[in-house]
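Structure at a glance
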Amino acid sequence: MFYTFFGLASFGACVRFVATRPAGPAMGKGTTITAKDISKAGDIPQLARNLVAEITTGNSEVRDHAAAQLRSLATQNHGQNQPDVLAAKAVEPLVKLLSSGTACSQESAAATLGVLALGKPDTQEAIVAAGGIGPLVNLLKMGSSKVQEQVASALAALDADVSHQQGIIKAGAIPPLVAIVKGGSGAAQSFAAQALANAAAYSGEAQRNIASAGSIPLLLSLLGTGKAQKPGGSSDEHTWHT
């Protein structure tokens with residue numbers, strides 16, 4: 001697995017923007033979880049439950065803030081808080097944010113789903129069961145560059161069961177993933193290349209679709225510049241043998 005850090009990308013302008021807005025009743029003013037936030041909630045499990053409640057019932061500003069804080073909670077300390085986030089039943093509300101939230105909420109939701117899914121087959125299955133693939137691929141096609149980066153990371157993390165790739169391919173993910181490999185940020189290119197590698201492992205037809213979308217020259221270009229070597233190389237290995 002090529003992921004080497006939690007958080008996947010900087011929180012970016014969205015989080016700085018929502019940090020200036022009024023916080024919900026369960027949250028502090030900032031979007032990075034602090035010891036004060038934990039103390040106010042009582043403990044980390046309760047804080048996670050509070051944030052999930054804010055995502056579910058708050059207005060758009062509260063949801064933006066809560067989603068950013070839940071992202072912070074899930075990515076801190078090498079992910080040690082993730083069991084508490086999952087126990088708070090965060091997956092389904094996060095999936096809903098992908099369709100109903102602002103761009104800021106969508107970015108936070110995709111990033112959080114990505115880190116929660118990483119290396120966790122049960123969580124990956126929960127994301128798929130909650131209907132997460134369709135909204136993720138829709139954002140891959142239409143979201144901002146920051147949102148697309150986090151969506152690519154979430155799709156790349158859905159790698160435990162090759163059958164998940166059927167839904168990803170059917171939803172039309174291959175062309176936008178190839179486009180990100182061509183013109184995205186370095187992190188987005190790496191995530192997109194891994195997602196393509198996952199799709200290539202699904203079937204010969206998927207491999208041919210990836211190749212016909214023009215991915216091989218793009219992946220070779222990434223390899224030549226030293227970017228995304230493991231994910232790019234993996235996908236290229238699949239497509240060359242079709």
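Keep in mind that what you see is a predicted model, and the values were worked out from it rather than measured.

**Describing helix α4 (residues 60-75)**
Over its 16 residues, α4 runs 22 Å from end to end, which matches the ideal 22 Å to within 8%, given 1.5 Å per residue. Of all the 16 residues making up α4, 14 are buried; the element is thus mostly covered by neighbouring parts of the structure. Note on α4: the residue one or two positions beyond its end, Asn77, has a positive phi of about 55°.

**Here's the deal with the confidence of the model for the protein chain**
Averaged over the protein chain, the pLDDT score is 83; the fraction of residues at 70 or greater is 79%. Contacts for the low-pLDDT stretch residues 1-12, under 50 throughout, to residues beyond four places or in other chains number 41 contacts. When the criterion is pLDDT under 50, residues 15-28 qualifies, and its contacts beyond four places in sequence or with other chains add up to 30 contacts.

**Description of the packing of helix α10 (residues 145-157) against helix α13 (residues 186-200)**
Running from amino to carboxyl end, α10 crosses α13 at an angle of 30°, the nearest separation of the two axes being 8 Å. Crossing angle aside, the handedness with which α10 passes α13 is left-handed. Across the interface between the two elements, Glu149, Ala152, Ser153, Leu155 and Ala156 from α10 touch Ala187, Ala188, Phe191, Ala192, Gln194, Ala195 and Asn198 from α13. Taken together, the residues that form the contact of α10 with α13 break down as 8 nonpolar, 3 polar and 1 charged.

**Section: the nonpolar core**
With 60 residues, the main nonpolar core has Leu70, Leu73, Leu94, Leu140, Val151 and Leu155 as its most contacted residues. Among the elements that line this core, the one with the most residues is α13, at 8 residues.

**Concerning the pattern of salt bridges**
Summed over the entire model, instances satisfying the criterion amount to 2 salt bridges. In this structure, Arg71 and Glu107 form a salt bridge, with 3.6 Å as the shortest nitrogen-oxygen distance. Pair noted here: Arg71 is in helix α4 and Glu107 is in helix α7 (residues 103-117), with a separation of 36 residues, a long-range link. Taken as a pair, Arg71 and Glu107 share a single burial class, namely buried.

**Thoughts on α7**
Along its 15 residues, α7 runs 21 Å from first to last C-alpha, staying within 8% of the 21 Å computed at 1.5 Å per residue. A large share of α7 lies buried, amounting to 14 of its 15 residues. Looking one or two residues beyond α7, the residue adopting positive phi is Gly119, at roughly 75°.

**Regarding unusual backbone geometry**
Phi at Asn77 takes a positive value of approximately 55°, unusual for a residue other than glycine. Within the fold, Asn77 resides in the loop between α4 and α5 (82-87). The phi dihedral of His78 falls on the positive side, at around 55°, and the residue is not glycine. With respect to the secondary-structure elements, His78 resides in the loop between α4 and α5. Under the relative-accessibility criterion, His78 is labelled exposed at 70%.

**With respect to the packing of helix α3 (residues 44-57) against α4**
A pair of packed helices is characterised by two quantities: the angle between their axes and the separation of those axes. Their axes nearest at 8 Å, the elements α3 and α4 cross at an angle of 145°. The element α3 and its partner α4 pack so that their crossing is left-handed. Within the contact between the two elements, α3 uses Ile44, Leu47, Ala48, Leu51, Val52, Glu54 and Ile55 and α4 uses Val62, Arg63, Ala66, Ala67, Gln69, Leu70 and Leu73. A per-class count over the contact of α3 with α4 returns 11 nonpolar, 1 polar and 2 charged.

**Focus on the environment of Ile38**
Relative to the helices and strands, Ile38 is located in helix α2 (residues 35-41). We classify Ile38 as partly exposed; its relative accessible area is 23%. Spatially, the C-alpha atoms of Ile38 and Ala48 are 9.3 Å apart, while their sequence positions differ by 10 residues.

**Comments concerning the environment of Ser221**
Here Ser221 is to be found in helix α15 (residues 215-224). On the basis of relative accessible area, Ser221 is assigned to the partly exposed category, the value being 44%. As a C-alpha pair, Ser221 and Val181 span 40 residues in sequence and 9.6 Å in three-dimensional space.

Analysis parameters
- Residues numbered from 1 in each chain as written.
- Predicted model: local features only at pLDDT ≥ 70, side-chain atom pairs only at ≥ 80, totals over all residues.
- Heavy atoms only, no water.
- Helix = DSSP H or I, 4+ residues; strand = E, 2+ residues; numbered from the N terminus.
- Expected span 1.5 Å × (residues − 1).
- Buried < 20%, exposed > 50% of the residue type's maximum accessible area, 1.4 Å probe, protein only.
- pLDDT = per-residue confidence, 0-100.
- Contact = heavy atoms within 4.5 Å.
- Axes fitted to C-alpha atoms, helices over the stretch in contact; angles between N-to-C directions.
- Left-handed = near helix turned anticlockwise from the far one by under 90°.
- Nonpolar A, V, L, I, M, F, W, Y, C, P; charged D, E, K, R; others polar.
- Core = buried A, V, L, I, M, F, W, Y, C linked by side-chain atoms within 4.5 Å.
- Salt bridge = Lys/Arg side-chain N within 4 Å of Asp/Glu carboxyl O.

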